[in-house]
Amino acid sequence: MAIVNAHSSQATSTTDGTAGKYPGALMMVTVLFFFWGFVTVLNDILVPHLKSVFDLNYTKVMLIQFAFFLAYFIFSIPSATIIDAIGYQKTMVVGLLTMGLGAFLFVPAAIALSYPLFLGALMVLAAGITALQVAANPYVSVLGPPETASSRLNLTQAFNSLGTTIGPWVGGMLILGAATESGDAVANMSAQTLHAFRLQQAATVKMPYIIIGSALVIFAGLIGIFKLPTIPAVERHADGRHEGSLWKYTHLILGCVAIFAYVGAEVSIGSFLINYFNQPEIGNLPVVEGAKFVAYYWGGAMVGRFIGSAILQKVKTGTVLGIAAFCSCALVLTSMLTTGSVAMWSILLVGFFNSIMFPSIFTLGIAKLGPRTGDGSGLLIMAIVGGAIIPVAQGAIADHLGVHHAFVLPVICYLYIAYYALRASQPRGVEYQ
């Protein structure tokens, strides 16, 4: 598996002006970040919606996130193999078309009123996003000098956050809003009436995902005809320098755990927000109104990434990451120990401090790996599977202790990220400089 030799390619781009010569390439790839952010955040709308449609408990409904993020673990290495075979640009096209297929599969899932089919559609959708992630994250890192890689990734991921900010508003209006217009009361319905009602509720996902699928296919065509630069330094090495174990790079391995913890915490919080705000002691908000507040969580990440992109040009990545992790931890604890508006806004503010975490952990994890950078990148993308496991675990806690206390799991995740940032992210025993 060889995703990208970021060290050597970044050096190349610094000397040959790659970033300056190809601003259009960076802009096109940045649009991909927007697309997968928009599609991913719709899971936060699907969680309360399908929970109601299929009458699920929190553990079962979190299988939505499990199915989605499990795809990162399954398809990360195959995506890297595809890149080796057909290159970055064609892999991006394959990823977009796969996402489009997954979006269209929501239609038969809604018609059949089948929760397993919904989960299958989500896995296909996420398989496409995995291909985009594996290709786009390292590709962005080569379009500029290595010392500002964190800053550059934060900037492009700000547009990912733009997608996650818009998504809850659009999804809440088109999916939750349309569903609640049918009425929320299901008591005293006969089995036949209840089935018809749930079919009507499930059908609200069809049109939004048809539109999404069509947009993805169109953009796949645009990416296919756009002339993205081919950078020889990012292509697969054939000189045998990939020998040896990656386990000796402790900053990489512990960085994988940090990615696992970060994605798990961020997804868990986002997935529970609508149901959390629906609690009488927190906000007592209808689900449609709660969906609008979710946009503030992801919007904070967008604002934070623009600000973080500037800060990271002046302050060490580990320092900024450590501060952000401690702030997130404190805010989640505040929400757990309070009620009402304080609990609401403290948990929403976590999104702002989440902002710089993924690109910061990613660049710290692949630091100074030289020709092993591609392999390290693949491991870090696989660690996104934390978004599959931690939400399900938090769902089990919520079923037993309640939603309010289930946020203890993200607290633990943020404490580990702070440890990684301040103590464990320094490369030790690295051969390549």
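Structure first, text after, so check above.
The structure presented is a predicted model; accordingly, all values stated were derived computationally and were not measured.

Q: Teacher, can you tell me more about the overall build of the protein here?
A: In terms of helices and strands, the protein carries 20 helices and zero strands. Counting only residues that meet the buried cut, the protein has 58% of its 433 residues in that class. The contacts in the protein between residues at least 6 apart in sequence include a share of 86% that link residues at least 24 apart. Put simply, the protein shows about 16300 Å² of open surface, and 68% of that area lies on carbon and sulfur atoms.

Q: How do you make sense of a nonpolar patch on the surface when you look at a structure like this?
A: Where nonpolar side chains cluster on the molecular surface, the patch consists of Leu 97, Phe 104, Met 207, Ile 210, Ile 211 and Val 217 and spans about 490 Å² of accessible area. Contributing elements (two or more residues each) for the nonpolar patch: helix H7 (88-104) and helix H12 (206-225). It is H12 that provides the largest number of residues to the nonpolar patch, a total of four residues. Summarising the element assignment, Leu 97 is placed in helix H7.

Q: Mind showing me how you'd approach the nonpolar core here?
A: What tends to happen in soluble globular proteins is that the nonpolar side chains get buried as a cluster. Met 92, Tyr 209, Phe 277 and Ile 347 are the most contacted members of the largest nonpolar core, which has 134 residues in total. Here the element with the most residues in this core is helix H13 (residues 250-277); it accounts for 15 residues. If sequence neighbours within four positions are ignored, Tyr 209 has contacts with Leu 42, Leu 46, Ala 103, Phe 106, Leu 125 and Ile 175.

Q: What's the story with the packing of H13 against helix H19 (residues 386-401) in this structure? I'm lost.
A: Angle between the axes and distance between the axes are the two parameters that describe a pair of packed helices. The N-to-C vectors of H13 and H19 enclose an angle of 50°; their axes lie 7 Å apart at closest approach. Classified by the interaxial angle, the pair formed by H13 and H19 is oblique. H13 and H19 meet at a crossing whose hand is right-handed. On H19, the residues touching Phe 260, Ala 261, Val 263, Gly 264, Ala 265, Val 267, Ser 268 and Phe 272 of H13 are Gly 386, Gly 387, Ile 389, Ile 390, Pro 391, Gln 394, Gly 395 and Ala 398. Considering only residue class, the contact of H13 with H19 consists of 10 nonpolar, six polar and no charged.

Q: For this particular structure, what's the right way to read the environment of Phe 358?
A: The residue Phe 358 is located in helix H17 (residues 357-365) in this model. Linking Phe 358 and Leu 380, residues 22 residues apart in sequence, is a C-alpha distance of 9.9 Å. The residues contacting Phe 358, other than those within four sequence positions of it, are Gln 133, Asn 137, Gln 157, Ile 259, Tyr 262, Arg 305, Ile 381 and Ile 384.

Q: Explain the packing of aromatic side chains to me, please; I cannot follow it from the model alone.
A: Aromatic rings in a pair are described by how distant their centres are and how their planes are angled relative to each other. Scanning the entire structure with this criterion turns up 25 aromatic pairs. Here the aromatic rings of Tyr 276 and Phe 277 are separated by 6.1 Å at their centres, their planes lie at 35°, and the arrangement is tilted. Take Tyr 276 and Phe 277: they sit in the same class, and that class is buried. With 5.9 Å between their ring centres and 50° between their planes, Tyr 416 and Tyr 419 make a pair best called tilted. Placement of both Tyr 416 and Tyr 419 in helix H20 (residues 408-424) is noted, with a separation of three residues, approximately one turn of the helix. We classify Tyr 419 as partly exposed; its relative accessible area is 42%. Members of the aromatic cluster, joined through ring pairs, are Tyr 58, Phe 272, Tyr 276, Phe 277, Phe 293, Tyr 296, Trp 345 and Phe 407. Directly above the aromatic system of Tyr 58 lies the positively charged group of Lys 51, at a separation of 4.7 Å from the ring centroid.

Q: Help me out: how do you make sense of unusual backbone geometry in this one?
A: Peptide bonds are trans in most cases, and residues, glycine excluded, mostly fall at negative phi. For Asp 55, which is not a glycine, the phi torsion comes out positive at approximately 55°. One can find Asp 55 in the loop between helix H4 (43-54) and helix H5 (58-61). Its relative accessible area of 60% is what places Asp 55 among the exposed residues. In this model, Leu 113 sits at a positive phi of 50°, which is unusual for a non-glycine residue. Secondary-structure assignment places Leu 113 in the loop between helix H8 (106-112) and helix H9 (115-141).

Q: Sorry, what's going on with the pattern of salt bridges here?
A: Think of it this way: side chains of opposite charge can pair up when their charged atoms draw near. The full count for this structure, using the stated rule, is one salt bridge. Salt-bridge contacts for Glu 289 lead to Lys 292; the nearest nitrogen and oxygen are separated by 3.5 Å. One end of the pair, Glu 289, and the other, Lys 292, are both in helix H14 (residues 287-311), three residues apart, so they sit about a helical turn from each other. What makes Lys 292 partly exposed here is its relative accessible area of 32%.

Cut-off values and rules
Residues numbered from 1 in each chain as written. Predicted model: local features only at pLDDT ≥ 70, side-chain atom pairs only at ≥ 80, totals over all residues. Heavy atoms only, no water. Helix = DSSP H or I, 4+ residues; strand = E, 2+ residues; numbered from the N terminus. Buried < 20%, exposed > 50% of the residue type's maximum accessible area, 1.4 Å probe, protein only. Contact = heavy atoms within 4.5 Å. Areas by Shrake-Rupley, 256 points an atom, 1.4 Å probe, with all protein chains shown as cover. Patch = residues over 30% accessible without salt bridge, like charges linked within 9 Å, V, L, I, M, F, W, Y side chains within 5 Å. Salt bridge = Lys/Arg side-chain N within 4 Å of Asp/Glu carboxyl O. Core = buried A, V, L, I, M, F, W, Y, C linked by side-chain atoms within 4.5 Å. Axes fitted to C-alpha atoms, helices over the stretch in contact; angles between N-to-C directions. Parallel < 35°, antiparallel > 145°, perpendicular 65-115°, else oblique. Left-handed = near helix turned anticlockwise from the far one by under 90°. Nonpolar A, V, L, I, M, F, W, Y, C, P; charged D, E, K, R; others polar. Phe/Tyr/Trp six-rings, centres within 6.5 Å; stacked < 30°, edge-to-face > 60°. Lys NZ or Arg CZ within 6 Å of the ring centre and 35° of its normal.

Read these as spatial facts, not as claims about activity.
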